[in-house]
Structures are given as structure tokens and as C-alpha cells.
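Fold and contact review
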Amino acid sequence: MTTPFTPVVGGSALPSDAPAAATQREVPHRGGPANPSAEALRAKFGGAVLRVDVVWGETTVIVERTRVQEIVRWLHDDASQRYDYLSDLTAVEFRDAEHPIEVVWHLRSIAYRRFLRLKVQLQRGQPYEVPSVWPVFKGADWLERECYDMFGIRFAGHPDLRRILMWEQYKEGFPLRKDFPLRGRFSRAEQLRQALAANPEARYSMEELSIADAFEDLPQEMRNRLRSGEKTGE
Amino acid sequence: MATIKRTVEVELSTTGMDAQGRPVRTPLAVAEDGSTITVAAPPSIEPELEGEHMLINLGPQHPATHGVLRLVLELDGETVVRCIPHIGYLHCGFEKIGEYRQYNQIVPWTDREDYLNSIGNNVSYILGAERLFGIDCTPRATVLRVIAMELSRIASHLVWLGTTCIDIGAFTPFLWAFQERENIYALLERWVGARLTTSATRVGGMAADVPAGWTEQLQTFITLFPKTIDEVERMLTKNGIWVGRTIGLGAMTADEALNYGLSGPMLRASGVAYDVRKDFPYLDYETYDFDVPVGSNGDVYDRYLVRVEELRQSTRILEQALRRLPDGPVNVDDHRVILPPKSKATSEMESMIHHFKQVMEGPRPPIGECYVATESPKGEKGYYMVSDGTAKPVRWRIRPPSYVNLSAIPKMVEGHLLSDVIAINASIDIVMGEIDR
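Treat the numbers as computed from the prediction; the structure is a model and nothing was measured. (Residues numbered from 1 in each chain as written. Chains lettered and ligands numbered in written order. Predicted model: local features only at pLDDT ≥ 70, side-chain atom pairs only at ≥ 80, totals over all residues.)

**Here we look at the interface of chain A and chain B**
Facing 53 residues of chain A, the contacting portion of chain B comprises 60 residues. Elements with a contribution of two residues or more to the side of chain A that touches chain B: strand E3 (85–92), strand E5 (114–122) and helix H3 (140–151) of chain A. Considering every element that reaches the side of chain A that touches chain B, the biggest residue donor is E3(A), with 6 residues. (Contact = placed C-beta atoms within 7 Å. Helix = DSSP H or I, 4+ residues; strand = E, 2+ residues; numbered from the N terminus.)

As C-alpha cells, this is what we get:
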């Protein structure tokens with residue numbers, strides 16, 4: 001059977017004599033060639049670029065908290081950068097309680113075959129809030145929600161920042177924070193009590209209940225409870 | 001909703017064999033110009049008919065949601081107006097648990113996230129861990145890992161193919177796909193002793209080398225498998241029902257797909273030739289001769305075509321890998337990470353110390369961080385690991401491709417019919433274990 005496909009190799013913005021991508025071997029722990037975008041960022045944003053590290057062959061650019069969205073937008077739009085793919089977005093909290101929490105963006109330029117890690121350090125005591133990159137990358141939607149859910153970091157400008165993996169009424173805090181014990185913050189008895197007290201029938205958020213007459217379809221008793229201000233469960 | 005008009009040659013119903021032994025096909029629907037019919041996109045939302053919207057809850061206990069995905073759909077008649085996905089029903093806190101485990105102890109957790117691709121996850125994870133330790137694996141382990149990844153890609157695509165067929169209403173290819181998958185699991189079972197939860201890799205090598213006679217069994221599989229792909233393609237690719245149920249559904253343009261962070265077959269079906277194996281190669285993938293199939297319309301039909309072609313290309317890679325499989329050790333000769341042989345550990349002082357330190361304390365990477373991405377069957381699977389110099393990672397992050405792919409589902413289903421939601425959802429190839437982690 002014939003195939004409708006032709007072989008395609010990426011990296012179309014690279015000059016034709018650019019070396020082919022190859023498996024990295026014997027990568028040095030520290031140092032080595034930095035991603036040229038780091039220099040470009042320094043030239044363009046100056047003081048907003050706080051530090052550039054190269055660890056295990058990957059370039060990390062630590063930037064100022066308030067200018068993340070601007071920097072990401074420039075990386076995305078500029079013709080010499082073209083970081084059009086947001087690989088990942090997450091946060092790291094260190095065991096050292098003095099170490100700031102870091103929010104990490106992994107960006108790829110498919111056209112130039114580059115990989116860049118952007119970082120923001122949130123000092124202890126500061127509000128854990130960074131600008132959302134959702135206006136640039138729609139794919140950041142769920143990634144930012146997960147980061148908020150797990151670390152409690154707020155993304156200013158995200159259209160719908162609410163919990164995603166944990167349920168909306170989850171009260172124990174932010175699970176991936178280091179002060180959150182592995183077994184959960186509440187005792188087993190309390191966790192069980194909350195699970196049993198949850199109302200499994202009221203499974204719709206108020207936003208969903210605003211759809212048409214869905215609210216009217218609920219049992220009378222539940223409608224009364226919801227009207228009296230009780231929150232719905234997931 | 002974008003309407004897409006395409007012409008696909010459709011063949012229906014086999015009446016018998018011709019002189020060459022090939023099946024003779026009689027198209028049921030014939031256009032005036034010859035043997036092709038035009039399949040148009042389903043009609044868009046009817047203009048402004050009065051009527052109340054309805055709320056439909058799909059899942060989490062629904063066979064067509066491939067696990068415990070829950071979609072709350074607002075319907076106008078049969079057309080989806082709004083889709084609100086709910087996930088997290090399978091959340092187990094893998095990333096949290098990983099912070100309390102040594103690097104080798106995390107391997108079993110990688111089995112359980114994307115459980116259709118468990119041995120592929122083992123390899124992806126261990127590539128990240130080895131980068132953190134500054135270790136390069138041996139030539140034999142490199143090729144064995146390529147074989148592992150491609151085998152699991154085939155197995156995962158076969159499950160996707162079978163379940164999608166069931167969702168859309170075709171039962172036969174499901175059986176064929178699962179029969180072939182069984183062969184792969186037989187291979188894996190002989191190699192590492194487990195079918196689904198393989199835990200096949202260790203920092204610096206593999207849990208086991210392949211047993212004697214294994215490569216012959218793999219060769220048999222490689223020889224026979226393309227026939228199954230042909231049969232499935234003969235059954236589906238030009239099948240009028242299949243084409244009608246898949247074409248024009250959930251279409252994403254190349255720019256949208258990139259912006260939404262789609263990866264893997266989802267992205268390539270939209271026309272973006274991004275494959276981690278080609279663009280950011282690992283395990284010497286640049287030295288293998290294989291093509292990256294790229295679609296053009298980004299609909300369910302193109303995703304099907306891309307995945308079926310990937311089955312062929314993976315078989316090609318397997319063939320080359322098998323031919324070049326070198327002799328030699330599978331584990332690196334580095335007793336910081338690899339346990340010495342038991343006989344030495346009980347007879348030599350130094351080996352006993354290595355053994356003790358590894359078992360009791362665990363290997364320690366230097367301070368550092370890395371993000372290592374591989375091409376999993378679902379897309380770009382990345383592991384981001386941060387080490388503070390102790391035996392347990394500070395942060396172990398999975399970049400789940402189906403999580404990001406699924407986040408685009410409201411964009412894909414809104415404006416389509418309720419029954420098409422099932423087809424679109426199936427085409428994303430989600431595994432809830434990976435999404436909820």
C-alpha cells in the first residue's frame with residue numbers, strides 16, 4: 001500500500017549547511033556553549049536578565065519576576081528567536097528553606113532547534129505571583145493551573161485559575177510544597193470524615209449549573225442547600 | 001467551526017478476489033465523474049433555532065472516555081456549545097512520592113503513569129537520571145533502549161488503534177491490534193519478566209540483558225507485523241464509514257496546534273514536522289533511517305493516518321536496531337551507580353562497600369538540573385529533574401504529553417456533534433494515568 005507521506009526533517013529556519021542534530025554525549029556538568037538566545041536576551045532586556053547558567057548543556061536564564069510575559073512574548077515573536085513551543089511550565093521548591101521557590105518555563109524554538117529554560121526566583125515572604133504566559137501560549141492554560149494547584153503560585157492574567165488535579169474544595173493546602181507532609185496535612189480520620197461528608201451528587205460547579213436549566217433539574221433539597229450558599233463539590 | 005472539504009477515494013464492500021488474488025472492491029457510493037465520492041464536513045450549527053441548551057455529563061465512568069476523564073458538555077440540540085473537562089480522578093501524587101525515593105526506586109513509578117508505554121517511560125526517565133549523574137550508557141544498552149522504545153510505541157499505537165475502532169464502531173481491527181500487542185508483551189515478558197509494569201531500566205544500564213533467542217523472536221515479529229498493518233489499513237483507510245466518521249473532525253491548524261502545545265501525532269497531523277527523535281535526538285536516533293509522517297488537515301482522519309504510518313516507521317527502526325545490536329555489557333562499569341556482581345560483593349572488600357553504600361544510601365548525583373525529552377507515542381515526554389546533591393531528587397517533574405494534548409479538547413469539540421466528541425477524544429490518545437499522575 002502506498003503511503004501519502006514524505007520524509008520531513010525539522011529545523012527549517014536553519015541554514016542548509018547547519019550541522020545535523022545529534023545525540024549529546026559527555027555533556028559537561030557546568031559550562032559549555034550557552035544558547036545564543038541568552039546573549040540576545042541580555043542585549044534586549046538588560047537588567048531584567050539576572051543570571052545565565054549552563055548546567056548539563058542546558059541554558060538557564062534567570063529573569064526578573066515582573067517581566068516574564070514581556071520576555072516570553074519577545075522570544076515568541078522575534079524573527080531571530082521564534083520560540084514557538086512551550087514544552088513545560090512548573091515550579092521547584094528546595095529542601096533548603098532559605099532557597100527561593102523557582103518557577104520554570106521550558107521553551108523550544110523548533111525552527112532554530114534551540115532549547116531555553118527561563119526561571120523566576122520567588123523570594124520567601126514575597127507574594128507567590130508571576131505574570132501568566134497564557135496570552136502568548138494557549139498551552140500554558142492547564143500547566144499554570146497545575147502549578148497553582150500544586151504550589152499555590154498565582155499567575156496574574158490567567159483566565160480561569162482554579163485547581164485542576166485536586167478538587168475545588170480541597171482544604172489541605174498545596175501538595176508539592178515541602179512543608180506538606182507525604183501523608184497529607186490532615187489525619188487519616190479527618191481525611192475520611194471529609195470524604196464521607198462530601199456531597200457526591202452536587203458534582204457540578206456553579207459555572208456549569210449556569211448552563212440552561214441544569215440547576216432546576218437538581219433535587220429540591222440540593223437546590224435549597226446550594227441557594228443557602230453551600231459550595232458544590234466536584 | 002472550520003469546514004473542511006476533501007476528496008478521499010472510498011472503497012466499500014469486498015465481493016471476492018480477482019485473478020491476482022487481491023480483493024475486488026465495489027464502491028457503494030459513486031460520484032458521476034468516477035469512483036470517488038466527496039465527504040464533506042458535517043453541517044455546522046443550525047442558525048439560531050430557538051430551544052434550550054442541555055447539560056450532559058460524560059464520564060468519569062464511561063467506556064469511551066478511556067479512563068476517568070469527565071466532560072461536562074453544554075448541548076444545543078446535538079451540537080456541543082461548550083465543553084468543560086474535569087480531571088484528577090486518578091491523581092496519585094507521583095511527583096510528590098518521587099521526592100522521597102532514590103533514583104532507581106522511581107523507575108517503577110514511571111511504569112504506572114503512561115501504562116501503555118511503560119518500558120518507553122522507563123527509558124525516558126533513565127535518560128534524564130543519567131544526564132543528572134553525567135553517565136553515558138553502553139553501546140549495547142543504547143540499542144536495546146531504542147528497541148524498547150519502538151516496541152512500546154507500537155504497543156501503544158495498537159491500543160489506540162483498537163480502542164478508537166471500538167469507539168467509532170469497528171470491532172475487527174481491535175482484535176487484530178490486540179493480537180499483535182500480545183506478541184509484544186510476550187517479548188517484553190521474556191526480556192524483563194513483566195508484561196505491563198516492566199521497570200526495565202537502571203541508572204547506568206538495564207535490569208536485564210535480552211535472553212538467548214530473543215532477537216530471533218523479535219525478528220519474527222518484525223517480519224509478520226507489517227501484514228497486520230496492511231490488513232488494518234485495507235479495512236479502514238478507504239472505508240466509507242471510517243472516513244465519514246473521522247474526516248474534518250477536531251481540526252487544528254498548524255499554528256493553533258503549536259500554540260496549544262500539542263505534540264506527537266497530534267501535532268504532526270496538523271502539519272508541523274516536530275519529532276523529538278529528529279529535532280533533538282537522543283539514543284543515536286539521528287543515525288537511524290526513518291521518516292516522520294506529517295499530515296495536513298489536523299483532523300481525526302489525519303491523526304489516524306499519521307499513527308498507522310508511525311507503526312511502519314517504528315518497524316523500520318526496529319529492523320535497523322536489530323541489525324546493529326552490538327555485543328558487550330549492558331551496564332556501565334561504574335560502581336557508583338551499578339551494583340557489583342553478587343559473587344564479588346560477598347568476597348571482595350571493596351565491592352562489598354560499593355554494594356552497601358548503594359543499597360543503604362543510594363547513588364548521589366551532583367547538584368544540577370536537567371530536562372530530557374523523548375518522543376513517546378503520545379508526544380513529547382519530558383522529565384525535569386533537580387538534584388541538590390542528595391540521593392533523592394528535589395523535584396521530579398513529568399511533562400505529560402497527553403495532559404497538554406487534552407487541554408485543547410474544548411477547542412476541538414466545540415461546534416461538533418455529541419457523537420463526534422467520542423471520536424475526537426479517542427484521537428487524542430489519552431492515558432489518564434499520565435494525565436492525573
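Once you've had a look at it, read on.
**Focus on the sheet that holds E5(A)**
Residue and element names in this part refer to chain A. Pairing is mixed across the open sheet formed by 5 strands, whose spatial order is E1-E2-E5-E4-E3. In this open sheet, the two edge strands, each paired with only one partner strand, are strand E1 (49–55) and E3. For this sheet, the mean inter-axis angle between neighbouring strands, taken without regard to orientation, is 20°. With 9 bridges connecting them, strand E4 (residues 101–109) and E5 associate as antiparallel partners. Paired with arginine 108 across the strands is phenylalanine 115, a residue of E5. In this fold helix H1 (residues 36–45) packs onto E1, strand E2 (58–63) and E5, with an angle of close to 175° to the strand it touches most, E1. Relative to the sheet, H3 contacts E3 and E4, its axis offset from that of E3 by approximately 5°. (Pairing = 2+ DSSP bridges. Axes fitted to C-alpha atoms, helices over the stretch in contact; angles between N-to-C directions.)

**A closer look at the sheet that holds strand E12 (residues 395–399) of chain B**
Residues and elements named next belong to chain B. Strands sit in the order E10-E11-E12 across an open sheet of 3 strands; the sheet is antiparallel. Lying at the two open borders of the sheet, with one neighbouring strand each, are strand E10 (368–376) and E12. Each strand axis lies, on average, 10° off the axis of its neighbour in the sheet, ignoring direction. With respect to the sheet, helix H3 (residues 118–133) is in contact with E10 and strand E11 (379–387), its orientation differing from that of E10 by roughly 155°.

**Considering the confidence of the model for chain A**
All names here are of chain A. Of all residues in chain A, 79% attain a pLDDT of 70 or more, and the chain-wide mean is 82. The secondary-structure element of chain A with the lowest mean pLDDT is helix H5 (residues 206–209), recorded at 62, while E4 shows the highest, at 93. Under a pLDDT of 50 for its full length, residues 7–11 has, in the predicted model, 15 contacts with residues more than four places off or in other chains. (pLDDT = per-residue confidence, 0-100.)

**Quick look at the environment of B:Pro108**
Looking at where B:Pro108 falls in the secondary structure, it is placed in helix H2 (residues 103–113). Here the alpha-carbon distance between B:Pro108 and B:Thr201, two residues 93 residues apart in the chain, equals 9.4 Å.

**What to know about unusual backbone geometry**
For A:Arg113, which is not a glycine, the phi torsion comes out positive at approximately 55°. A residue is classified by how many C-beta atoms lie within 10 Å of it, and A:Arg113, with 18 of them, is partly exposed. Phi is positive for B:Arg437, which is not a glycine, with a value near 45°. With respect to the helices and strands, B:Arg437 occurs in the segment after helix H17 (432–436). Here B:Arg437 falls in the buried class, since 25 other C-beta atoms lie within 10 Å of it. (Buried ≥ 20, exposed ≤ 12 C-beta atoms within 10 Å, placed from the backbone.)

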